[in-house]
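Chain by chain, the residues:
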Amino acid sequence: MTPPVMLASRLAWRQLTHQPARLASAVAGVVFACLLVFMQLGFHDALFDSATSTARAIRGDIIIFSRQSETTSRTSGLPRARLMQALADPDVARVTPVYLGQVIWKNPETAVRRSIMVLGADPDSGIFALEGVSAAAERLRQRDTLLFDAQSRPEYGPIGERLARGATTVEVANRTTEVVGLFRLGASFAADGNLLTSDVNFHRLVRDRTPDMVDVGAVFLKAGADVNAVQSRLAGLLPDDIRVMPRDAFIASERAYWANSAAIGFIFLFGVAMGLVVGFVIVYQILFTDVATHLSEYATLKAMGYTDRYLLAVVFSEALMLAALGFVPGLALSWWLFGISAEATFLPMLLRPDMAASVFALIFAMCAASGAVAVRKLRDANPADMF
Amino acid sequence: MTHAIEIKGLGHWFGTGELRRQILFDVDLTIAPGEIVILTGPSGSGKTTLLTLIGALRAVEQGSLTLFGRELHGASDNDRIAVRRRIGFIFQQHNLLGFLTARQNVEMALELDPAIDATERRNLATAMLAAVGLGERLDHPPAKLSGGQKQRVAVARALVGNPALVLADEPTASLDKVTGHEVATLIERLARERGASILLVTHDPRILGIADRIVAMEDGRIVDAAEHRHS
């Protein structure tokens, strides 16, 4: 004995596959919706990954940040003295000041000038969670040296190639400096490229800043200390002009800035919604036409004793089959386009399994919603009108 | 159970408020098991409404309508759906599902019965299509069948489940004279073999000969219940 649901979905499958051209156009609609949603989510996530990359590059258990600063890409300084005050807490092991700023970089090949982000901190502090930085500490202590972000946009010049052939001299903030190595951080919406140097060299490049004003204070705790307890003690101890946050909260607030105040999150989520609406309309059209052109057949089935629930199951099966049929090629195409977009934008476009899972859920819901609206037409299939 | 259908004092109305209009007036009708009854009458005489009420496609408003010993006045939607499964319906149009083959269409009538497995469904549908003379066209979609052949598939679909009652509405209206007569005698033969009652609405004088009894309706009333012995 075959369960009725199986029979209903078999009927749905036969109806879908009866006209291959129509099936193809319905699937193409779902694929298109998949692509739109994937691309928007991909750019959305890439934006947040890159926008928080600076925040995530800074180690530390607790971060001290000016209350006036909203994001690491546009900071208001905080007095270095606050960091010294933090040392008063018995659980605080050390505090490292981090300096952030924008300087003008001259492309060594084309001489075109462009703004670039520069990060500065004591090279021995191990403050940066970035590969290759610790190894370069010795060289960064020398005068006018820096590391170049290999994932910066190409407008800054082929620095990696130049290094390989020994051409290390560049002009930054009108100073002749030497690139002593590469690191990898990545371009973001706020910075097209990054430099990394020691705190001393930072102040040689950024002349309008004094070492007394730091941008981020990274607090390291003694082993076994409770981060939340220390955080609330520091928040009580230090004046109100700063914020004291566990590192996770610092990254989250950086993310929240881009998500909310910058309205960029909204733009991408709007794109996701548009993709779903387009897919909804296409699937709805197909299902509605199926029901509308087969009204007398559906009414005959009702006269024969088929229940409304059975016919609902047929239409819903069609919707969900379209979702599944469209998702697979949609996923494959998106994966391919992510690679192309990553090359074009230098953004970290990653198609993670959890994103694929949520897109599948969205597409499934979209098709189910189309089905739910289309089945309302089934009410018009009244077997009493058949005679 | 002495009657397949027993109707007493059946009345029915359409519309609401001032537009409410009575369609059926105090209809009495009984049909015995195995009896073949043709219902005739001018358009608007209420015969189609009567057919939909007997087919449990509408709720009974007034009077008593008993089908296979089961009172339909006050029956729930689910009761009416259960009753419909014991009736074979044949419509003016064949109403076959275009995306299914002839056999799959016939099998649809059996899929409602969970006691019949897939193999049995297939065998019963094949035998039924052979009985209507379409044993060679089992896997044809309706689009590749002639009008008469499609209506035969519809007949096979109506009868494959061994219904106790067949309700047919102008089953020959869309067919030519010869084909129409063939389909009518086919319905008659298969129903008699199975002991099913038939209530058939028609305007077609050429097929009146299959009936045991002809019932005429006018203005919502049964006006003449002449006996017509089948030879």
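Residues numbered from 1 in each chain as written. Chains lettered and ligands numbered in written order. Predicted model: local features only at pLDDT ≥ 70, side-chain atom pairs only at ≥ 80, totals over all residues. Heavy atoms only, no water.

Draft legend 1. Summary view of the overall build of chain B. Secondary structure summary: chain B contains six helices and 10 strands in total. Computed over the C-alpha atoms, the radius of gyration of chain B is 18 Å, within 12% of the 17 Å expected from 2.2 N^0.38 for a compact globule of 231 residues. Here the C-alpha coordinates of chain B stretch approximately 50 × 40 × 35 Å along the principal axes. Taking all 231 residues of chain B together, 54% fall into the buried category. Put simply, 67% of the contacts in chain B that link residues at least 6 apart link residues at least 24 apart. (Helix = DSSP H or I, 4+ residues; strand = E, 2+ residues; numbered from the N terminus. Rg over C-alpha atoms; globule rule 2.2 N^0.38 Å. Buried < 20%, exposed > 50% of the residue type's maximum accessible area, 1.4 Å probe, protein only. Contact = heavy atoms within 4.5 Å.)

Draft legend 2. Molecular detail of helix H4 (residues 118–131) of chain B. Residue and element names in this part refer to chain B. Relative to the 20 Å expected for 14 residues at 1.5 Å per residue, H4 spans 20 Å between its end C-alpha atoms, a close match to the ideal helical length. Regarding H4, the residues found buried are Arg 121, Ala 125, Met 128 and Leu 129. End-on view of H4: buried residues confined to an arc of 95°, all on one side of the axis. Among the exposed residues of H4, those pointing more than 90 degrees away from its buried face are Thr 119 and Asn 123. If you check the start of H4, you find a side-chain oxygen 3.3 Å away from the backbone N of Thr 119, and it comes from Asp 117. Backbone geometry just downstream of H4 places Gly 133 in the positive-phi region, at approximately 85°. (Expected span 1.5 Å × (residues − 1). Arc of directions from axis to C-beta. Polar contact = N/O pair within 3.5 Å; in protein donor to acceptor, adjacent residues only side chain to side chain.)

Draft legend 3. A look at the packing of helix H10 (residues 264–293) of chain A against helix H12 (residues 308–345) of chain A. Residue and element names in this part refer to chain A. The contact between H10 and H12 brings their axes to 11 Å, and the two run at 150°. For the pair H10 and H12, the sense of crossing is right-handed. Touching Val 283, Leu 287, Asp 290 and Val 291 of H10 are Val 315, Glu 318, Ala 319 and Leu 322, all from H12. Split into classes, the residues belonging to the contact of H10 with H12 amount to six nonpolar, no polar and two charged. (Axes fitted to C-alpha atoms, helices over the stretch in contact; angles between N-to-C directions. Left-handed = near helix turned anticlockwise from the far one by under 90°. Nonpolar A, V, L, I, M, F, W, Y, C, P; charged D, E, K, R; others polar.)

Draft legend 4. Fine view of the sheet that holds strand E1 (residues 5–14) of chain B. Residues and elements named next belong to chain B. Strand order in the open sheet made by the four strands is E2-E1-E4-E5, with antiparallel pairing throughout. Each having just a single partner strand, strand E2 (21–31) and strand E5 (70–71) make up the two edges of the open sheet. Inspection of the sheet shows strand E4 (residues 62–67) paired to E5 by two bridges, in the antiparallel sense. Across the sheet, the residue bridging to Leu 67 is Arg 70, located in E5. (Pairing = 2+ DSSP bridges.)

Draft legend 5. Just the environment of Gly 101 of chain A, in detail. In this fold, Gly 101 of chain A is placed in strand E3 (residues 92–106). When neighbours within four sequence positions are excluded, Gly 101 of chain A is seen to be in contact with Ile 116, Met 117, Val 118 and Phe 202 of chain A.

Draft legend 6. Quick peek at the domain arrangement of chain A. Residues and elements named next belong to chain A. Taken domain by domain, chain A holds domain 1 (4–51 + 264–386) and domain 2 (68–240). For domain 1 and domain 2, the distance between their C-alpha centres works out to 48 Å. Counting residues at the interface gives seven residues for domain 1, matched by seven residues for domain 2. Across the interface of domain 1 and domain 2, roughly 590 Å² is buried in total on both sides, 69% from carbon and sulfur atoms. Where domain 1 touches domain 2, the interface holds zero salt bridges. Counting across the domain 1 and domain 2 interface gives zero residue pairs in polar contact (both at pLDDT 80 or more). Each residue belonging to the side of domain 1 that touches domain 2 can be placed in one class, and the counts come to five nonpolar, two polar and no charged. (Domains from an automatic or database assignment. Buried area = accessible area lost by both parts, 1.4 Å probe. Salt bridge = Lys/Arg side-chain N within 4 Å of Asp/Glu carboxyl O.)

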